[in-house]
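# Per-entry structural report
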Amino acid sequence: MLELPVENTRELFHFADGVVAFAGHYLHEGVHLAHTHSFVEVAVMCGGAGVHHSLAGRQQLSVGDVVLLRPGVWHGYEDCRRLDMYNCCFATELLQNELGWTREDPLLGYLLWSGPYAQQRRGILTAHLDPEALAECTGHLDELEALRHRPVSTHHGDIVGRLALFLSSLARAVVQQTAPGQGQTHAAVLNAMRMMEARPEHQWNLTELAAALHLAPGYLIRLFKNATGLPPMAYLSRHRVEVAAARLLHTDDPIHRIGESVGWPDQNYFARRFKAHYGLSASAYRSQFRHRSFRIRGAGASGAAASIDCSTTRAPMAAAPNRRHPGPERGPLQPDR
């Protein structure tokens, strides 16, 4: 079962040799408390029984079920009886750099970038693998897990390559189920994504964004919806709350400062946007998950090790145990365009 490649220094867990991706089995018994993290996680159900608990509700797991979670999304497991989850986790730095090309791939772009937010999924994408696809995916995960014992300095390409093979196999199965016919993402959409993600604090509006891309606003909206299921400003909102969630967990910045840093200087508006996405206020999210969060840090230029932050502090579950978590607030909150 999973033994993370980490070294423990008080509450900070460092990945040895700068690892920024890993795979391994994790055996759950009973309850695994709701938690969150600042990296991408893919969990593949391989055996046993259990219930996955998240903002999307409770899902009874069966062999072949897959859950992909974007950074900041909270989740946990309940009623576990030797629940064997094959976890694959990788840093957002990999997604932005070595795996940045996945945006332009129809299948991987959906799996990693647009699918988790389409149809109000709010950062969670689920699917089920048939036996053939499950065997293919777990085969790649086995190879990725084996690379934990190899020097990263001479196997970095192998790690990224095996991760890409796993994600590609998974994307084929997921897109076939949830988005058949998924096409190439328009270059203007990719450029718009990069522009907004690079400057989340900027007061973007549709007119300015469309002008920068030399497109009519209405045409840009159509392109964006075709690619992501969201209009541009809604996509920006998803990115802003993801960045805000990471800063709530891993900095001591006041909440209003975090709101300002992601482009929402009005504290009330930021509070409502955050709760609409995660189902919790920013303060509740910080207090409940700060001591049950995990973070992978990529190795810097100095060669410092990658790391995961975590703590064993217990906190109340974020939702009542026997009902689905309420959906996003509607009220007078203005829709994104």
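Bear in mind the structure is a predicted one, so any value in this text is a computation, not a measurement.

If you look at soluble globular proteins, the nonpolar side chains tend to sit buried side by side. Counting residues in hydrophobic clusters, the biggest one holds 58 residues, and the most contacted among them are F90 and L111. Of all the elements, helix α4 (residues 152–178) adds the most residues to this core, at 12 residues. If near-sequence neighbours (up to four positions away) are discounted, L111 is found in contact with L68, P116, L125, L167, L170, A171 and V174. In this structure, L55, V241, V243 and L280 belong to the second largest nonpolar core, which totals 23 residues.

On to the packing of helix α8 (residues 232–250) against helix α10 (residues 267–278), then. Contact pair α8 / α10: the axes reach a minimum separation of 10 Å and the direction vectors enclose 95°. With respect to α10, the axis of α8 lies roughly perpendicular. Of the residues in α10, those touching α8 at S237, R238, V241, E242, A244, A245 and L248 are F270, R273, F274, H277 and Y278. Split into classes, the residues belonging to the contact of α8 with α10 amount to 7 nonpolar, 2 polar and 3 charged.

Positioned with a positive phi, R82 is a non-glycine residue whose angle comes to about 50°. Note on placement: R82 falls in strand β7 (residues 75–90). Judged by its relative accessible area of 53%, R82 is exposed. One non-glycine residue, H214, lies in the positive phi region at around 60°.

With that out of the way, let us pick up the side chain of E242. As for its position among the elements, E242 is in helix α8. Here R70 takes part through its side chain, which lies 2.8 Å from a polar atom of the side chain of E242. Ignoring anything within four residues of it in the chain, the contact list for E242 reads R70, P71, Y117 and Y278.

In this model helix α7 (residues 217–228) runs 16 Å from its N-terminal to its C-terminal C-alpha over 12 residues, within 8% of the 16 Å that 1.5 Å per residue would give. Within the sequence span of α7, burial applies to L220, L223, F224, A227 and T228. With its buried residues spanning 100° around the axis, α7 presents them on a single face. Exposed residues pointing more than 90 degrees away from the buried face of α7 are listed as R222 and N226. Among the structural elements, α2 (106–114), α5 (187–198), α6 (206–212) and α8 are those in contact with the buried residues of α7. Immediately downstream of α7, the backbone of G229 shows phi near 80°, a positive value.

Along the chain, L248 falls in helix α8. You can call L248 buried: its relative accessible area is 0%.

Let us now look at the pattern of salt bridges. Pairing of side chains with opposite charge becomes possible as their charged atoms draw close. According to the stated counting rule, one finds 7 salt bridges in the structure shown. Among the ionic pairs, R70 bridges to E242, the shortest N-O distance being 2.8 Å. A residue pair is termed long-range when its members are at least 10 positions apart, and R70 in the loop between β6 (65–69) and β7 and E242 in helix α8 qualify at 172 residues. Here R148 makes a salt bridge to E145, at a shortest N to O gap of 3.9 Å. By relative accessible area, R148 is classed as buried at 17%.

It is worth spelling out the environment of V40 at this point. Mapped onto the elements, V40 comes out in strand β4 (residues 40–54). In this structure, the C-alpha to C-alpha distance between V40 and L94, residues 54 residues apart in sequence, is 9.8 Å. Contacts of V40, omitting those with residues within four sequence positions, involve L69, P71, C88, C89, F90 and L95.

Cut-offs and rules
- Every chain is numbered independently, its residues counted from 1 as its sequence is written.
- In keeping with the model being predicted, local features are shown solely for residues with a pLDDT of at least 70 and side-chain atom pairs are shown and tallied solely at 80 or more, while totals for entire chains, interfaces and linings include all residues.
- To obtain the side-chain values, all non-hydrogen atoms of the structure were included, while hydrogens and water were left out.
- Definition of nonpolar core: a set of buried residues of the types Ala, Val, Leu, Ile, Met, Phe, Trp, Tyr and Cys, connected through side-chain atoms within 4.5 Å.
- Note on exposure labels: buried denotes an accessible area under 20% of the residue type's maximum, exposed denotes more than 50%, and partly exposed covers the range between, all computed with a 1.4 Å probe on protein chains only.
- Strands are runs of DSSP state E lasting at least 2 residues, helices are runs of H or I lasting at least 4, and numbering of each runs from the N terminus.
- Contacts are assigned to residue pairs with any non-hydrogen atoms lying within 4.5 Å of each other.
- Angles shown run from 0 to 180 degrees and are taken between the N-to-C directions of axes, each axis being a line fitted to C-alpha atoms and, for helices, limited to the stretch in contact.
- Here is the rule for angles: anything less than 35 degrees is roughly parallel, anything more than 145 is roughly antiparallel, 65 through 115 is roughly perpendicular, and the remaining ranges are oblique.
- Throughout this entry, Asp, Glu, Lys and Arg are counted as charged residues, while Ala, Val, Leu, Ile, Met, Phe, Trp, Tyr, Cys and Pro are counted as nonpolar. The remaining residues, Gly among them, count as polar.
- As used in this structure description, the phrase polar contact means that two N or O atoms lie within 3.5 Å; if the pair is within protein, one of them must be able to donate a hydrogen and the other to accept it, and residues adjacent in sequence are counted only when both atoms belong to side chains.
- Expected helix span is taken as 1.5 Å per residue step, with the number of steps being one fewer than the number of residues.
- The directions considered for the arc run from the helix axis to the C-beta atoms.
- Salt bridges are defined by distance alone: a side-chain nitrogen of Lys or Arg within 4 Å of a carboxyl oxygen of Asp or Glu.

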